[in-house]
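# Remarks on the overall topology
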Amino acid sequence: MSGAPANNPPAITDITIWEDDPVSGVFTTAAKPDITLPPLKFLIPGAVPPVSNDINSAAFRYWTAAEALKRGVNFWAPVIPQPQLWQRGGDTLEVHLDRWEDLEADYDRDALNFYHGPSASGTVYSCASPDVLCHELGHAILDAIKPSLWTAHLQEVASFHETFGDMSAILCALQLPSFRQAILVETNGNLNCDSRLSRIGQQLGTAVHALYPKDADPNCLRNTSSFFSYCDPSSLPSSALTTSLSSNPHSFSRIFTGALFEALADMLTVCAANPNAPTPNELQAVSEDMRDIMASGVTNARQIPGYFAEVATTIALASAQKNPAYPGIFLGAFVGHAILSMETAATIQSSLNVLQSEFEGMANDRRTAESLTVLPASRYGLAEDLSIEMITSPLGFIARSARTDGKPMEHTSLPVAAEAFVDELFIIGQVDYNGFGLKGFNSYGRRRSKTHELVRRDGGLILQRRLFH
Ligand SMILES: [Zn+2]
C-alpha cells in the first residue's frame, strides 16, 4: 500500500488573506508561504499556528503577515546587493506580530515590530494590514540597499525613507494578480487617483486619526494621491494637520511619494499597448521597472542637504536605462512637485549619459568623511553638549529644487540642515533621553515609541537612530 491514509486531510497549499487592508474587506487566496526559505528569511517567534479563516484570530493575522512579507521580499530581492543579507549581516529578520498596546509599527534593524491599539470598531492590530507590513518591510529593504541613510540627520533623507516604505506598500500590493485586476477596474486604468491603491494603511490610519488627528488622514495613514509641492523643510512647522505639510518625515514624504505615484501612472500609460486599457501584466511590468529605478537611484544618490533634488536626479537618470520615455515622465513629475527646478531638469535632459557616469563614479568610490557638530546642552535640558554625526559626500553636479517663484533654491549647509532635523526630533518628542536629561527636566511628546535615543560613546553624548516607524 502507498499514499496517505484516507482519513488524513490533504495538506493546505493555499491560504485566504486580506488583499491590502482589513478595512477594504476584500479577500484573495495565495500560496501558503514558507518564510524560512532563502534568500532573505523571517523568523516569527513562537509556534506556527494552523491556517485559520477566522479573520479575528491571531492565526489569520499570522498567515496574512507571513504571506505579505514573503511576497514583498520576493519582489524586492532582485535589487538587494549580493550577498543578500539584512542590514545586521544575517539572512533572517525577526518579526514580532504583537509587542504591546500602541497604534504603531516599526523597523529597528533587529526586527519588524507590530502592535495593537483601540479603535471605534474594536482592537486594531497593525500586523493585520499587508499595507503596513510592506511599509515596514520597505524600511528594512532600503536599509539593506543603503544602510548609511540610517545615520543621516537630514529631514529629506528621513522623509525619503518614508516614501520608500509607502512605495513598498503600493508595489508589493501590485504583486497580487487579483489586486492588479481590481485596481485597473476601480481607477479605470488611471492609477493617479484616490483608490484602494493610494490609501495606505486604512484601518490603522483611521484608528490613529481618532487619537492623534495630525498623525494620519481620517481614512488611512497617508493618501498617495494627495498633492503637495516641495518647499524647504526648515521653513515648515514640525507638526500640522494632514491637509497641510509639515517637516515631520511622514508628512514631508508625501511630496516625493506623490511624484513617484504620478510617474507610476504615466509609466503604465506609456507602456500599455492600449493606453486607455492597460492590462494587469503591463501593470506588473511597470511596478518592477519602478522597483529597479528606485533602487538604482537611491544607490547613486549622495546624502546631502537638498536630498530630494539629489535622489530625484539619480532616479531620473536610472529611468533612462529602462525606457527612453521614462526620463520625461519622472522629470515632469519632479518639476510639477517643485522637487526639481526647471533649470536642473533641463540640464538632466540634455546630459543624461554624462551625469549617469558621474553619479555612478561617485557611488563606486564611496568617498565620504564623517564629522561631528556640537549642539548646546542648555537647549535640550541636558547636562552636557550633544554631538551629532554627519557624513560629508564628494562634490559634483548639484541638483536644485524650486522656490515658490520657480527659481532654483540654494541648499542650506550640512550643519544647519542637521541642526534643524535634530531640533525637530526634540520638539515632537521623538528622543528617548535614556536618563541623560537634567534633574527635573521632562522631555516632550505623548507617544511612547521614540525614533531616536541619547547614548554615551567615546566619552561624549551622541544622538542615534533607534527605529523608523
Ligand atoms: Zn515608516
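Definitions and limits used
- Residues numbered from 1 in each chain as written.
- Predicted model: local features only at pLDDT ≥ 70, side-chain atom pairs only at ≥ 80, totals over all residues.
- Heavy atoms only, no water.
- Salt bridge = Lys/Arg side-chain N within 4 Å of Asp/Glu carboxyl O.
- Helix = DSSP H or I, 4+ residues; strand = E, 2+ residues; numbered from the N terminus.
- Buried < 20%, exposed > 50% of the residue type's maximum accessible area, 1.4 Å probe, protein only.
- Donors = N, O, S within 2.8 Å, 3.2 Å for Na, K, Ca; no water.
- Tetrahedral: all angles 85-135°; square planar, octahedral: opposite > 155°, others 65-115°.
- Pairing = 2+ DSSP bridges.
- Axes fitted to C-alpha atoms, helices over the stretch in contact; angles between N-to-C directions.
- Contact = heavy atoms within 4.5 Å.
- Phe/Tyr/Trp six-rings, centres within 6.5 Å; stacked < 30°, edge-to-face > 60°.
- Lys NZ or Arg CZ within 6 Å of the ring centre and 35° of its normal.
- 1 Å grid on protein atoms, 1.4 Å probe; cavity = no way out; pocket = protein on both sides within 12 Å on 5 of 7 lines; lining within 4 Å.
- Points joined across faces, edges and corners; volume = space filled by probe spheres on them.
- Nonpolar A, V, L, I, M, F, W, Y, C, P; charged D, E, K, R; others polar.
- Domains from an automatic or database assignment.

By the naming in an unreviewed UniProt entry, the protein is Peptidase M4 domain-containing protein, taken from Rhizobium jaguaris.

### Notes on the pattern of salt bridges
The full count for this structure, using the stated rule, is 21 salt bridges. Ionic pairing is found between Arg379 and Asp423, a salt bridge with its closest N-O pair at 3.0 Å. Pair noted here: Arg379 is in helix 12 (residues 377–380) and Asp423 is in helix 13 (residues 414–427), with a separation of 44 residues, a long-range link. Taking the shortest distance from any N to any O, the salt bridge between Glu453 and Arg466 comes out at 2.9 Å. You can see Glu453 sitting in strand 14 (residues 452–457) and its partner Arg466 sitting in the segment after strand 15 (460–465), a full 13 residues away along the chain. For Glu453, a relative accessible area of 15% gives the class buried. Each of Asp289, Arg291, Asp292 and Lys322 takes part in a single network of salt bridges with overlapping partners.

### Details of the coordination of the zinc ion
Surrounding the zinc ion are the protein donor atoms His135 (NE2), His139 (NE2), Glu162 (OE) and His469 (O), which sit 1.8 to 2.0 Å from the metal. Relative to the metal, the 4 donor atoms surrounding the zinc ion lie at angles of 97 to 128 degrees, and the coordination shape comes out tetrahedral. Mapped onto the polypeptide sequence, the residues donating to the zinc ion form the spacing pattern H-x3-H-x22-E-x306-H. On the criterion of sequence distance, the pair formed by His135 in helix 2 (residues 130–145) and His469 in the segment after strand 15 is long-range, its members being 334 residues apart. The two residues His135 and His469 agree in class, both being buried.

### Concerning the pairing of strand 6 (residues 111–114)
Burial along strand 6 is two-sided: the face carrying Ala111 and Asn113 and the face carrying Leu112 and Phe114 are both buried. In terms of strand pairing, strand 4 (residues 92–96) meets strand 6 through 3 bridges, oriented parallel. Within the sheet, the bridge partner assigned to Glu94 lies in strand 6 and is Ala111. Note: strand 5 (residues 105–107) against strand 6, 3 bridges, orientation antiparallel. In the strand pairing of strand 6, Ala105 is matched with Phe114. Between strand 5 and strand 6, which pair antiparallel one after the other, the connecting turn spans 3 residues, and Arg109 there sits at a positive phi close to 80 degrees.

### A word on the sheet that holds strand 4
Pairing between sheet strands relies on hydrogen bonds along the backbone, with the strands arranged either parallel or antiparallel. What the 4 strands build is an open sheet, ordered 3-4-6-5; its pairing is mixed. Only two strands of the sheet have a single partner each, and these edge strands are strand 3 (41–43) and strand 5. Ignoring which end each strand starts from, the neighbouring axes of this sheet average 20 degrees apart. Most of the contacts of helix 2 go to strand 5, to which it runs at about 15 degrees, and overall it touches strand 3, strand 4, strand 5 and strand 6.

### Considerations on the packing of aromatic side chains
As enumerated under the stated definition, the model contains 24 aromatic pairs in all. Aromatic side chains Phe359 and Phe397 sit 6.4 Å apart centroid to centroid with 80 degrees between the ring planes, which places their arrangement in the edge-to-face category. Here the residue Phe359 occupies a position in helix 11 (residues 352–365), and Phe397 occupies one in the loop between strand 12 (386–392) and helix 13, the gap between them amounting to 38 residues. In this structure, Phe359 and Phe397 share a single accessibility class: buried. An aromatic cluster of three or more residues is present, and its members are Phe75, Trp76, Phe160, Phe164, Tyr230, Phe252, Phe256, Tyr307, Phe308, Phe330 and Phe334. When the ring centre of Phe75 is taken as reference, the NZ or CZ atom of Arg291 above it lies at 5.0 Å. The ring of Phe468 carries Arg465 above its face, with NZ or CZ at 3.6 Å from the centroid.

### Let's talk about the layout of surface pockets
Volume-wise, the largest pocket comes out at about 810 Å³. Lining the largest pocket are 42 residues, with Asp215, Asn248, His250, Gln430 and Arg447 positioned closest to its centre. Only helix 2, helix 3 (155–173), helix 5 (202–211), helix 6 (249–271) and helix 13 provide two or more residues apiece to the lining of the largest pocket. Per-element tally for the lining of the largest pocket: the top contributor is helix 6, with 4 residues. In terms of residue class, the lining of the largest pocket is made up of 17 nonpolar, 13 polar and 12 charged. The residues that make up the lining of the largest pocket include at least three from each of domain 1 (14–365) and domain 2 (369–465).

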